[in-house]
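What follows is each chain in one-letter form.
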Amino acid sequence: MANWNWLNSFLIMRFKLPVAAAIVLSLLLSACAGTQSRNTDPENDPWEGFNRKVYAFNDGLDKVVRPIAVGYDKIMPDPFQRGVGNFFRNLDAPVTFLSQLLQGKVDQSADTFGRFLINSTAGLLGLFDVATKMGIPYYNEDLGQTFAKWGYKDSRYLMLPFFGPSTLRDGPARLADSYIHPVGRAIHGRNQWGYYIVRGIDQRARFLDQDAELGRAYDPYVLMRDVWLQNRRYQIYDGDPPLEDYDLYLEEDLPE
Amino acid sequence: MNTLARLFLLLACFASSINIFAQTEGADPVSLVINTTNHIFSEVNDNFESYQSDPASLQTLVRTDLIPLLDVHYSSRLILGRAGRGIEKEKVDEFAEAMISLLVNRYSDGLLQFRSQEPVMVLPQRGDLNEKLTRVRTRVKLPTGGEAPIDYAFHKTSDGWKAFDVIVEGISYVTTYRNQIMPEVQDKGIDQVIRRLTSGELELAE
């Protein structure tokens, strides 16, 4: 019997993070995912066959996760859920701050720095978003967006086990993010999953509204990919992406 | 103030409050968006309870106020893409009609769900602006405190500016529907897709 403990301890020792496990696992699997039945978007999703398998895996996992998220959503009052969301968002501030500096957005990074100070103290460890009430804007930045700004704009879609939609650029970037993240840093090297489990449930609960839409879709996999990739592009362009090339849509309409 | 002046003022108020139709001729996309959305928002706010108990009347409001500003036929052609090849015009019209019903339903549901009590905010125009194609960027305040970024893509038709795509947080309705509907039409044929879209309408109206 093969002993996979070495891999386990390797991952925990070297990378110490479920993100690492997810990326390594998905890259290993993609190497052997040669057969693809169909390809709906060869440009953005050349690994569709593999991604669909991971999607199915995550979908199976969701049979367990979703009921927990539904329970959480039912039991916890809205202000509490907002507090939890604020708490997690506040902890992302160091990642945002560094990404803004790396992108040369110095003024915006000052806002993020101020937000983190105010919300961590006056906002009681981030549970209350006092900074927004004071008019300090929130920015969404991470290393994946930074790499995109530096020129790595188009990256193939990559479905990560446990974490869901990502790209070849954003998966590893997310791993690097966790080294900057205060909680990520603190729990590296320890087998502490509690933080990720709570955060995962909180995030899953935020998407419950979209379940019906996904369930109705002709191809839920494609819907999730489209929505995620378009929204990611929107984040990379700081909310102002160029319009879709609609003419191209019509050209396909013409007989060849 | 004399009676004539008062009457004139009253008429002016009346005209500006009810009507987008009067302005459609030559109106620019920004004022089309502001006037229409603010009119619909305030109408829903003033009569929220009655619309809630009678969603059909809200659908009528959306149909008469919003739909004339849209070029649903153009959107439908974009959505059908190469799946629309060789399909006769009447079928495309029928498909567009089904898309309108779906849109009216979704939009009305959204109005009741995310009741916005504040007027829509339009961001300054930037880029993408030309004689034939433009984009209006807006922010809608949500009751939960957040803001929804909603953009409208407009193109110029012989009938003035018409919106043909709505983009929420970067997610284009045309692109997203296209990637669902194009393969469905290719797999099952347009008739079955039209049937599904219109039966979904019944489902939602229940």
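These numbers come from a predicted model, not from an experiment.

Definitions and cut-offs
Residues numbered from 1 in each chain as written. Chains lettered and ligands numbered in written order. Predicted model: local features only at pLDDT ≥ 70, side-chain atom pairs only at ≥ 80, totals over all residues. Helix = DSSP H or I, 4+ residues; strand = E, 2+ residues; numbered from the N terminus. Buried ≥ 20, exposed ≤ 12 C-beta atoms within 10 Å, placed from the backbone. Contact = placed C-beta atoms within 7 Å. Axes fitted to C-alpha atoms, helices over the stretch in contact; angles between N-to-C directions. Parallel < 35°, antiparallel > 145°, perpendicular 65-115°, else oblique. Left-handed = near helix turned anticlockwise from the far one by under 90°. Nonpolar A, V, L, I, M, F, W, Y, C, P; charged D, E, K, R; others polar. Pairing = 2+ DSSP bridges. Expected span 1.5 Å × (residues − 1). pLDDT = per-residue confidence, 0-100.

Account for the overall build of chain A, naming residues and giving values.
Scanning chain A from N- to C-terminus turns up 14 helices and two strands. With 256 residues in all, chain A has 27% of them scored as buried. Put simply, of all contacts in chain A between residues at least 6 apart along the chain, 63% involve residues at least 24 apart.

Lay out the overall build of chain B with the relevant residues and their values.
Looking only at helices and strands, chain B features nine helices and five strands. Along chain B, helices and strands appear, N-terminal first, in the series α-α-α-α-α-α-α-β-β-β-β-β-α-α. In chain B, which comprises 206 residues, the share counted as buried stands at 28%. Sequence-distant contacts in chain B: of pairs separated by 6 or more residues, those separated by 24 or more amount to 58%.

Residue-level account of the interface of chain B and chain A, with values.
In this complex, chain B contributes 22 residues to the contact, which on the side of chain A involves 24 residues. Per-element tally for the side of chain B that touches chain A: the top contributor is helix H8 (residues 173-188) of chain B, with seven residues.

So, the environment of B:Leu103: which residues are in play, and what are the values?
Residue and element names in this part refer to chain B. Structurally, Leu103 is set in helix H7 (residues 89-113). We classify Leu103 as buried; it has 20 C-beta atoms within 10 Å. Considered as a pair, Leu103 and Ser50 are 53 residues apart in the sequence and their alpha carbons are 21 Å apart.

So what's going on with the packing of helix H3 (residues 29-46) of chain B against helix H5 (residues 55-65) of chain B? Residues and values would help.
Residues and elements named next belong to chain B. Two numbers describe how H3 lies on H5: the axes approach to 11 Å, and their chain directions differ by 165 degrees. Judged by the inter-axis angle, H3 sits roughly antiparallel to H5. Our pair here, H3 against H5, has a crossing hand that is right-handed. Residues Thr36, His39, Ile40 and Glu43 of H3 lie in contact with H5, whose contacting residues are Leu61, Val62 and Asp65. Here the contact of H3 with H5 is built from residues that sort into three nonpolar, two polar and two charged.

Explain the pairing of strand E3 (residues 147-157) of chain B residue by residue, including any values.
Residues and elements named next belong to chain B. Here nine bridges tie strand E2 (residues 133-141) to E3, and the two strands are oriented antiparallel to one another. Directly across from Arg135, in E3, lies its bridge partner Ala153. Between E2 and E3, which pair antiparallel in sequence order, lie five residues; one of them, Gly145, sits at a positive phi of approximately 110 degrees. Strand direction decides the pairing type here: E3 and strand E4 (residues 160-168), joined by eight bridges, are antiparallel. For Asp151, the partnering residue across the bridge sits in E4 and is Ile167. Counted along the chain from E3 to the antiparallel partner E4, the turn is two residues long.

If you had to explain helix H13 (residues 220-236) of chain A to someone new, which residues and values would you point to?
If you check H13(A), its first and last C-alpha atoms are 24 Å apart, about what 17 residues at 1.5 Å a residue would give, namely 24 Å. Among the residues of H13(A), those classed as buried are A:Arg225, A:Asp226, A:Val227, A:Leu229, A:Arg232 and A:Tyr234.

So what's going on with the sheet that holds E2(B)? Residues and values would help.
Judged by pairing direction, the sheet is antiparallel, and its five strands sit side by side in the order E1-E2-E3-E4-E5 (chain B) without closing on themselves. Lying at the two open borders of the sheet, with one neighbouring strand each, are strand E1 (121-122) and strand E5 (171-172) of chain B.

Please set out the packing of H13(A) against H8(B) residue by residue, giving values where relevant.
Packing of H13(A) against H8(B) brings their axes to within 10 Å, and their N-to-C directions diverge by 160 degrees. In terms of their interaxial angle, H13(A) and H8(B) are classed as roughly antiparallel. The two elements H13(A) and H8(B) meet at a crossing, and its hand is right-handed. Between H13(A) and H8(B), the contacting residues are A:Val222, A:Leu223, A:Asp226, A:Val227 and A:Gln230 on the first element and B:Thr175, B:Thr176, B:Asn179 and B:Gln180 on the second. Split into classes, the residues belonging to the contact of H13(A) with H8(B) amount to three nonpolar, five polar and one charged.

Tell me about helix H6 (residues 72-80) of chain B, and please be specific about residues and values.
With seven of its nine residues buried, H6(B) lies for the most part within the structure. Of all the positions in H6(B), only B:Val72, B:Ser75, B:Ser76, B:Arg77, B:Leu78, B:Ile79 and B:Leu80 are classed as buried. Check the buried side of H6(B) and you find it contacts helix H14 (246-251) of chain A together with H7, E4 and H8 of chain B. One or two positions beyond H6(B), positive phi appears at B:Gly81, with a value near 50 degrees.

Now, about the confidence of the model for chain A: what can you tell me, with residues and values included?
When pLDDT is averaged along chain A, the result is 83; 82% of the residues meet or exceed 70. Confidence drops under a pLDDT of 50 for residues 1-16 of chain A, and excluding neighbours within four residues, the segment shows six contacts in the predicted structure.

A description of the confidence of the model for chain B should follow, citing residues and the corresponding values.
Residue and element names in this part refer to chain B. Averaged over all residues, the pLDDT of chain B equals 79, while 82% of them reach at least 70. Of the regions scoring below 50 in pLDDT, residues 10-24 engages in nine contacts with residues more than four places distant in sequence or in other chains. Every residue in residues 202-206 is under pLDDT 50, and counting partners more than four places away or in other chains gives two contacts. Confidence metrics for the complex model read pTM 0.80 and ipTM 0.77.

So what about unusual backbone geometry? Which residues, and what values?
Its identity is not glycine, yet A:Asp238 carries a phi of approximately 50 degrees, on the positive side. Locating A:Asp238 in the fold gives a position in the loop between H13 and H14. Taking the number of C-beta atoms within 10 Å as the measure of exposure, A:Asp238 has 15 and is therefore partly exposed. Despite not being glycine, B:Glu169 shows a phi value in the positive range, around 50 degrees. Along the chain, B:Glu169 turns up in the loop between E4 and E5. Residue B:Glu169 is classed as partly exposed on the basis of its C-beta count, with 14 C-beta atoms lying within 10 Å.

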